[in-house]
Amino acid sequence: MQRIHNAIQLTGLTDDDLAQLYGYPSGLDRPWVRANFVSSIDGAATSDGVSGGLGTDADHQVFAMLRELADVVLIGAGTVRAENYGPAKTDPALRRHLHDLGIGGNREGAPPPIAVVTASAALDAAGRLFTEAGDTGAATRAPLIITTAAAPADRKRLLAEAGAEVIEAGDVAVAPHDALAVLADRGLLRVLCEGGPHLFGDLLEAGCVDELCLTTSPVLIGGTARRISLSHEEFRTSMTPAHIVLADDGTMLTRWVRS
């Protein structure tokens, strides 16, 4: 991959360069919310119904690094179901190294837990997220299911029996700030949101998103695919480009920070 300095100069990037480019701020005292999405040139967030259809080698490399850096991966239940989510599988040695650098990772090398926001607790307790939780190659933490008091008790019980930590963070809905408070209470401040569009839109509308890492895949999709964010109301959030990275195949990887 190559980095574009002021959209003009190109330089090669090492893995350490990539980690420094995407490192979290030091000394955090609140959740820092980073969203990561991929889209086509014409703005489609999915291909054949899943985001994975847009991924490239460069996107996969950055996707993996963002997980290595994060304390927690935050996603909506619809994304868990659509993408058949499993636990985050990371490199324990790299996680310890990133922690020592002060830009992310984990002191013990443990992977980031997956935190799912779901008002109804409508998740398959036999799904990969629960059945593969012990296969990450390092000490693991249970998935966090952030749900509501109104969610059916039998669903919450089944998820808890499958090994999840089930937390009620609202009566009938989970507000973005309440979901982040659940993470902060557990010391999970480096937040990586991987979707979906409704959760990202809710976080944006609530003013909770600090940065967006957006991969533009060098393809045109057409069709009726959704955008990366959806919300009830239109709003405007000013963002500043932190960097632009261009891969040899034309994949463009941008990082935008809230102004």
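Before any of the text, the structure's been laid out above.
None of these values were measured; they are calculated from a predicted model.

A. A look at the nonpolar core. With 36 residues, the main nonpolar core has Tyr22, Val116 and Leu123 as its most contacted residues. Looking at this core, the elements with two or more residues in it are α1 (15-22), α2 (57-69), β4 (72-76), α3 (77-83), β5 (114-117) and α5 (128-131). Ranked by residues supplied to this core, first place goes to α2 with five residues.

B. Layout of the side chain of aspartate 59. Looking at the element boundaries, aspartate 59 is found in helix α2. Buried charge without a partner: aspartate 59 forms no salt bridge, and the closest opposite charge is arginine 67, 11 Å away. Dropping the residues within four chain positions of it, aspartate 59 is found in contact with Val38, Thr215 and Leu253.

C. The pattern of salt bridges, seen in detail. As enumerated under the stated definition, the model contains eleven salt bridges in all. We note a salt bridge from glutamate 211 to arginine 255, for which the minimum N-O separation is 2.8 Å. Here the residue glutamate 211 occupies a position in strand β9 (residues 211-217), and arginine 255 occupies one in strand β11 (residues 252-258), the gap between them amounting to 44 residues. For the pair glutamate 211 and arginine 255, one class covers both residues: buried. Through salt bridges with shared partners, one network takes in Arg30, Asp210 and Arg258.

D. Structural context of the side chain of asparagine 106. Examined against the element boundaries, asparagine 106 turns out to sit in the loop between α4 (92-101) and β5. At a separation of 2.9 Å, a polar atom in the side chain of asparagine 106 contacts the main-chain amide nitrogen of glutamate 108. One polar contact links the side chain of asparagine 106 to the main-chain amide nitrogen of alanine 110, over a distance of 3.1 Å. Residue contacts for asparagine 106: discarding those within four places in its chain leaves Arg95, Arg96, His99 and Arg141.

E. Region of interest: the environment of proline 31. One can find proline 31 in the loop between α1 and β3 (32-40). Judged by its relative accessible area of 14%, proline 31 is buried. Spatially, the C-alpha atom of proline 31 lies 14 Å from that of leucine 204, the residues being 173 residues apart in sequence. Residues in contact with proline 31, not counting those within four places in the same chain, are Leu180, Ala184, Leu189, Val191 and Asp210.

F. Layout of the packing of α1 against α2. Axis separation between α1 and α2 bottoms out at 10 Å; the angle between their running directions is 60°. Classified by the angle their axes make, α1 and α2 are oblique. Where α1 crosses over α2, the two elements pack in a sense that is right-handed. Contacts between α1 and α2 involve Asp15, Leu18, Ala19 and Tyr22 on the former and, on the latter, Gln61, Val62, Met65, Leu66 and Leu69. Among the residues making up the contact of α1 with α2, the classes are represented as seven nonpolar, one polar and one charged.

G. Examining the state of the cysteines more closely. By the definition in use, this model includes zero disulfides. Cysteine cysteine 193 shares no disulfide, and the gap to the nearest cysteine sulfur, in cysteine 208, comes to 11 Å. For cysteine 213, which is in no disulfide, the shortest distance to another cysteine sulfur is to cysteine 193 and amounts to 11 Å.

Thresholds, definitions, all that
Residues numbered from 1 in each chain as written. Predicted model: local features only at pLDDT ≥ 70, side-chain atom pairs only at ≥ 80, totals over all residues. Heavy atoms only, no water. Core = buried A, V, L, I, M, F, W, Y, C linked by side-chain atoms within 4.5 Å. Buried < 20%, exposed > 50% of the residue type's maximum accessible area, 1.4 Å probe, protein only. Helix = DSSP H or I, 4+ residues; strand = E, 2+ residues; numbered from the N terminus. Lys, Arg positive; Asp, Glu negative; His and termini not counted. Salt bridge = Lys/Arg side-chain N within 4 Å of Asp/Glu carboxyl O. Contact = heavy atoms within 4.5 Å. Polar contact = N/O pair within 3.5 Å; in protein donor to acceptor, adjacent residues only side chain to side chain. Axes fitted to C-alpha atoms, helices over the stretch in contact; angles between N-to-C directions. Parallel < 35°, antiparallel > 145°, perpendicular 65-115°, else oblique. Left-handed = near helix turned anticlockwise from the far one by under 90°. Nonpolar A, V, L, I, M, F, W, Y, C, P; charged D, E, K, R; others polar. Disulfide = S-S within 2.5 Å.

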